[in-house]
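# Structural overview for review
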Amino acid sequence: MERKAVEEILDDIDYEFARTAPPATFPNLPRIPARRYLDRDLYEAELGLFRRSWLFAGTVHEFPAVGSYKVMDKWGGASVVLVKGQDQRIRAFWNVCQHRGGPVVLGENGILASPNLKCVIHSWVYDLEGNLKGVPGRRDFHNDFDAGAMHLKHVQCDVWQGFVFINLDPDAPPLKDWFGPIHDEVSWFDGLRVANRGTKVLECNWKVAIEANIEVYHINTVHPETVALSLDYRGSAHQLLDRGHSRMVVPNRGYDAAQARADVARADIPVNGLMKHVNVSYLLFPNHLTPSQNRRPDGVPTLTLQQFWPLGIDRTLSEWYVMLPDWGDRELSDEEKRGSVYYGVVMDEDTAMLDQIQKAMQTQVLDGFLTSYHERRIYHHEASVDRALGERCVPADMRVPQILPLEG
Ligand code: FES
Ligand SMILES: [Fe+2]
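An account of the accompanying structure is given in this report. (Residues numbered from 1 in each chain as written. Chains lettered and ligands numbered in written order. Predicted model: local features only at pLDDT ≥ 70, side-chain atom pairs only at ≥ 80, totals over all residues. Heavy atoms only, no water.)

Perfect tetrahedral coordination of a metal by four donors corresponds to 109.5 degrees between them, and perfect octahedral coordination by six donors corresponds to 90 or 180 degrees. For the iron ion (ligand 2), the protein coordination sphere consists of His218 (NE2), His223 (NE2) and Asp350 (OD), at 2.0 to 2.1 Å. Going along the chain, you hit the donors of the iron ion (ligand 2) in the pattern H-x4-H-x126-D. Taken as a pair, His218 in the loop between helix 5 (206-211) and helix 6 (219-222) and Asp350 in helix 9 (residues 334-351) lie far apart in primary sequence, 132 residues in all. By the burial criterion, His218 is buried, and Asp350 matches it. (Donors = N, O, S within 2.8 Å, 3.2 Å for Na, K, Ca; no water. Helix = DSSP H or I, 4+ residues; strand = E, 2+ residues; numbered from the N terminus. Buried < 20%, exposed > 50% of the residue type's maximum accessible area, 1.4 Å probe, protein only.)

Here it is, written out as structure tokens:
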């Protein structure tokens, strides 16, 4: 993150602590209609978003050797296999044999016994670049059969800061363009490895779930014994970005503005000075959050990345990864393991009431969400869904008008 951007965040935090009302130019946001969390056609259209967006698939540590693979299938359709090739590059393919559609890999992850992908039905063999290399019973296929055209279908795959992303849409913009300014400003993800993973099924729409986690208005009441002990929501500085992404910087409790400025001025890498005083989190559209970033006492960064996957219109899988700098071959310490447990507790606090919110909308006793200036990331998320779907795809009475300017 450039020094100028860090200094703007410091200015924003000062402004947020000092203000006694929303900015004079801030619009009185209309309610987000409840039907957006209930309407089946909109839900089906939103599933398409997951097939056009860059999705987190793991970190490079999950692919230690040639033939390391991971299978994913969170979008309601065929699965995708990611595999590390002889050239050390991680590639992604639809896990679909081009003979008659069998899977070329079973299981969730591991290292292939032989460095190729073999269909489990008739044993067609593909190399790690997806080229068809072997067809048992070749004599039965017509002479015009073109093995070169039977390549496994590619899925876009890219690595950013050690995080592996895929995009099911062959025409999607490159990852760098997708993340815009975030791509270059985030430097502290690099080298992180998943120390623990947790999942929880939530009885609510996927947007109810993610939107409960992109404001900190709730922390004093929902997290009185956890998050509220470390963060002061009144100074939070938000930034609404293109393509639905957003950033939230929340100062630590007892934030000392002068000390923060001094630490930023002194730091070779300005964001490292900032991070002593704040928590920086991102929403990576449409379904990823990095809700907590911390520094251990030794200055080493840690991070939690969370995804929300739609299982049904009112069911969502929350999946989170607690990440630590690569610890090599040693055992994790008790302290490091405790960090994962702590996050599970925070998640339980965050999600305890979401089924009731969903039911309130289903019962038609809540017209929709009212969002304040502080909660504008929620409005931005909904408006960005419309923008990504194409506004005309959303019935007029459900639309969320684009009235919030981008802030970065
Ligand atoms: S379906 Fe894969 S080899 Fe037949
Ligand atoms: Fe929370």
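Another aspect to go through is a nonpolar patch on the surface. Where nonpolar side chains cluster on the molecular surface, the patch consists of Leu106, Val120 and Ile121 and spans about 290 Å² of accessible area. For Val120, the position within the fold is in the loop between strand 7 (117-118) and strand 8 (125-126). The class for Val120 is partly exposed, based on a relative accessible area of 43%. (Patch = residues over 30% accessible without salt bridge, like charges linked within 9 Å, V, L, I, M, F, W, Y side chains within 5 Å. Areas by Shrake-Rupley, 256 points an atom, 1.4 Å probe, with all protein chains shown as cover. Salt bridge = Lys/Arg side-chain N within 4 Å of Asp/Glu carboxyl O.)

This part takes up the nonpolar core. Counting residues in each nonpolar core, the largest one holds 89 residues, and the members touching the most others are Leu82, Trp160, Phe163, Phe165, Ile166 and Trp188. With sequence-adjacent residues up to four places away left out, Phe163 is seen in contact with Phe56, Gly58, Thr59, Asp158, Phe189, Leu192, Leu303, Leu305 and Met323. Residues Tyr69, Val71, Val81 and Cys97 belong to the second largest nonpolar core, which totals 18 residues. (Core = buried A, V, L, I, M, F, W, Y, C linked by side-chain atoms within 4.5 Å. Contact = heavy atoms within 4.5 Å.)

Spatial strand order, 2-11-10-5-4-3-6: 7 strands in an open sheet with antiparallel pairing. Looking at the sheet topology across the chains shown, the edges are occupied by strand 2 (55-59) and strand 6 (109-111). Sheet twist, expressed as the mean angle between neighbouring strand axes with direction ignored, is 25°. In this structure, strand 10 (residues 154-160) lies alongside strand 11 (residues 163-167), joined through 5 bridges in antiparallel fashion. (Pairing = 2+ DSSP bridges. Axes fitted to C-alpha atoms, helices over the stretch in contact; angles between N-to-C directions.)

Honestly, that's just the spatial picture; any functional story needs more than this.
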